Amino acid sequence: MSTARSTGSRQRNARGEGDRLRVDLLDAAAELMAEHGTIDGISLRAVARRAGVSPTAVYRHFDDHLALLRESVAQCWRNFYDVMVEARDSSSDPYVAFDAAGTAYVRFAMEHQGQYRVLFSNRIQLDMSDLEVPNSIEPSVGDLDAGFSAFQILVQLVTAILDHRSDDRDPYFVAIQVHTWIHGMVDIVGCHPDERWPAMDTMLNGLSTALDLERA
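In this text, all values refer to a predicted model and were calculated from it rather than measured experimentally. (Residues numbered from 1 in each chain as written. Predicted model: local features only at pLDDT ≥ 70, side-chain atom pairs only at ≥ 80, totals over all residues. Heavy atoms only, no water.)

Two numbers describe a pair of packed helices, the interaxial angle and the distance between the axes. Running from N to C, helix α5 (residues 94–111) and helix α8 (residues 171–191) point in directions that differ by 35°, and their axes come no closer than 10 Å. Helix-helix and strand crossings are classified by hand; for α5 and α8 the assignment is right-handed. For the pair α5 and α8, the contacting residues are Phe98, Gly102, Tyr105, Val106, Ala109 and Met110 in the first and Val178, His179, Ile182, His183, Val186 and Val189 in the second. Of the residues in the contact of α5 with α8, the class split is 9 nonpolar, 3 polar and no charged. (Axes fitted to C-alpha atoms, helices over the stretch in contact; angles between N-to-C directions. Helix = DSSP H or I, 4+ residues; strand = E, 2+ residues; numbered from the N terminus. Left-handed = near helix turned anticlockwise from the far one by under 90°. Contact = heavy atoms within 4.5 Å. Nonpolar A, V, L, I, M, F, W, Y, C, P; charged D, E, K, R; others polar.)

A few words now on a nonpolar patch on the surface. Where nonpolar side chains cluster on the molecular surface, the patch consists of Phe148, Tyr172 and Ile176 and spans about 240 Å² of accessible area. Residue position: tyrosine 172 is located in helix α8. Residue tyrosine 172 is classed as partly exposed on the basis of its relative accessible area of 40%. (Patch = residues over 30% accessible without salt bridge, like charges linked within 9 Å, V, L, I, M, F, W, Y side chains within 5 Å. Areas by Shrake-Rupley, 256 points an atom, 1.4 Å probe, with all protein chains shown as cover. Salt bridge = Lys/Arg side-chain N within 4 Å of Asp/Glu carboxyl O. Buried < 20%, exposed > 50% of the residue type's maximum accessible area, 1.4 Å probe, protein only.)

A separate point is the confidence of the model for the protein chain. Taken over all residues, the pLDDT of the protein chain has a mean of 81, while the share at 70 or more is 80%. Residue range residues 133–144 is modelled with pLDDT below 50. Its contacts to residues more than four positions away, or to other chains, number 17 contacts. (pLDDT = per-residue confidence, 0-100.)

One can describe the packing of α5 onto helix α9 (residues 200–210) by two numbers: an axis separation of 11 Å at closest approach and a directional angle of 135°. As the angle between them shows, α5 and α9 are arranged oblique. The interaxial crossing formed by α5 with α9 has right-handed handedness. On the side of α5, the interface is formed by Phe98, Asp99, Gly102, Thr103, Val106 and Met110, while α9 contributes Met200, Asp201, Leu204, Leu207 and Ser208. Here the contact of α5 with α9 is built from residues that sort into 6 nonpolar, 3 polar and 2 charged. (Parallel < 35°, antiparallel > 145°, perpendicular 65-115°, else oblique.)

Using the criterion set out here, one finds 8 salt bridges in the structure. In this structure, the salt-bridge partner of glutamate 71 is arginine 78, at a minimum N-O distance of 3.8 Å. Each of the two residues, glutamate 71 as well as arginine 78, counts as buried. Where arginine 215 meets aspartate 93, a salt bridge forms, and the shortest distance between an N and an O atom there is 2.9 Å. Here arginine 215, found in the segment after α9, pairs with aspartate 93, found in the loop between α4 (65–88) and α5; they are 122 residues apart in sequence, far enough to count as distant. It is possible to trace a salt-bridge network through shared partners that takes in Glu31, Glu35 and Arg50.

Right, let's get into the packing of aromatic side chains. One pass over the full model with this rule turns up 9 aromatic pairs. On the numbers, 5.3 Å between centres and 85° between planes, the contact of phenylalanine 151 with tyrosine 172 is edge-to-face. A residue pair is termed long-range when its members are at least 10 positions apart, and phenylalanine 151 in helix α7 (residues 146–164) and tyrosine 172 in helix α8 qualify at 21 residues. Every member of this aromatic cluster is reached through a ring pair, and the members are Trp77, Phe80, Tyr105, Phe108, Tyr116 and Phe120. (Phe/Tyr/Trp six-rings, centres within 6.5 Å; stacked < 30°, edge-to-face > 60°.)

Put into structure tokens, the structure is as follows:
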């Protein structure tokens, strides 16, 4: 999937569109991190050029390029978290909710490949410890970051199935198995999209069968 944007000049935002520019800058930063696989060489000027604005416009929203890159990574986590929350809350049936989460995970990875690579495939070394917790994080999560919170949703889904099956396996360990399995699927399909892979639904069903997470 191409993430290239026009590098031409951007029209001045109308009043009230500053937030839209901020989102565009965060998206542009994520695209560059996904392409480079690192933050090295990603300057504020480069992000401005990708977003089609002047560097001066970027400074109205971020103090420096590291602040912009850190917030961009946080936004990627926030987007992934929101997708997982929506899937979890789509059904009170633990098996249906688990299937929805698997589908949502894959859809996010395929439709937002740049953001997904920033989160799971690139070595982005940024200190995120002092960033505020995204507003979408539930109060019960407390001060945990959005990435761990997204994984906790997967733990919750697995816990619900194991409880329903009276299965005494460690839900945290099983959730890690689920995550690594799905990540492996989307990674290999993304790297070799022209191969004749089974349908993603088929592979997700195979995951449930292999990890004994099907309805008993």
